[in-house]
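One letter stands for each residue in the lines below.
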Amino acid sequence: MPPAAPKGENCLVDMDSKAGDLFTAEDAHPTGTGGAGILAKLWLPKGFSASMAKEWIDRRRVSIRPWASFVDQRKFSKPRNFGEFCQRVVKNVEVYNSNYTFIFLGLILYCIISSPMLLIALAVFAGAFYIIHLKSLESKLVVLGKELTVPHQMSLAGAVSLPVFWLAGAGAAVFWVLGATLFVIGSHAAFRELETSDIEELLMEPV
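Residues numbered from 1 in each chain as written. Predicted model: local features only at pLDDT ≥ 70, side-chain atom pairs only at ≥ 80, totals over all residues. Heavy atoms only, no water.

**Student:** Tell me about the pattern of salt bridges, residues and numbers included.
**Tutor:** On inspection of all chains with the given rule, the structure shows four salt bridges. A salt bridge links D72 to R74, with the nearest nitrogen and oxygen atoms 3.2 Å apart. Judged by its relative accessible area of 15%, D72 is buried. Here R74 falls in the exposed class, since its relative accessible area comes to 70%. A salt bridge links E84 to R80; its shortest N-O distance comes to 3.1 Å. Given the relative accessible area of 15%, E84 is considered buried. According to the relative accessible area criterion, R80 is exposed, its value standing at 73%. Overlapping salt bridges bring together R80, E84 and R88 as one network. (Salt bridge = Lys/Arg side-chain N within 4 Å of Asp/Glu carboxyl O. Buried < 20%, exposed > 50% of the residue type's maximum accessible area, 1.4 Å probe, protein only.)

In structure tokens:
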């Protein structure tokens, strides 16, 4: 007679093991090191991981200066001479580099959100790269006798989506972001007065 079907607690254990199989993908990556869970199927390029990005953002958040002090209008004045101008720019970029980083990221995000065509272009690039990468996981992609690595796959996805980026005016968007970043950060660094501790540190530096 065939064995009886599992009942009670044993049945739950079997179901959990089956469910675990759905989210286990140790061989999702060709090398067999894709990790466990469904996230392994969404394998990221070598040398980059979501934890690394989170760690970088957390470090920036810890070192960020209070925004109330950052935009305090009482702390702004015109530099008296070119020497003071240079000192302010160098020191403020060092002190407020995390604040400036988030301003830069905010300008990029604003540019993307305010341009629907750019969003479409990014979606086309991401979709093309994802499809190419999935194909490479199924079987090695070889062009002119060379296997396509992840950077090559990204380049191919960029070539596929290049017409969409051109229609979206991506070049103009990049120049706008760089120009706005230089204007905002440069203006703040030049006109933001140095704190007393920063001035004392500059005076103590060897000439």
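From this point, the narrative continues.
**Student:** I'd like a description of the packing of aromatic side chains, backed by residues and values.
**Tutor:** Taken as a whole, this structure holds six aromatic pairs when the rule is applied. Taken together, a centroid distance of 5.4 Å and an interplanar angle of 70° make the contact between F70 and Y96 edge-to-face. Taken together, the positions of F70 in helix α3 (residues 67-70) and Y96 in the loop between α4 (82-95) and α5 (97-113) put the pair 26 residues apart, joining distant regions of the chain. Residue F70 is classed as buried on the basis of its relative accessible area of 5%. Residue classification places Y96 among the buried residues on the basis of a relative accessible area of 3%. With a centroid separation of 5.9 Å and an interplanar angle of 35°, the aromatic rings of Y110 and W176 are classed as tilted. Taken together, the residues span a long stretch of sequence, with Y110 in helix α5 and W176 in helix α8 (residues 170-191) at a distance of 66 residues. On the basis of relative accessible area, W176 is assigned to the partly exposed category, the value being 40%. An aromatic cluster is present here, built from W67, F70, Y96 and Y100 joined pairwise through their rings. (Phe/Tyr/Trp six-rings, centres within 6.5 Å; stacked < 30°, edge-to-face > 60°. Helix = DSSP H or I, 4+ residues; strand = E, 2+ residues; numbered from the N terminus.)

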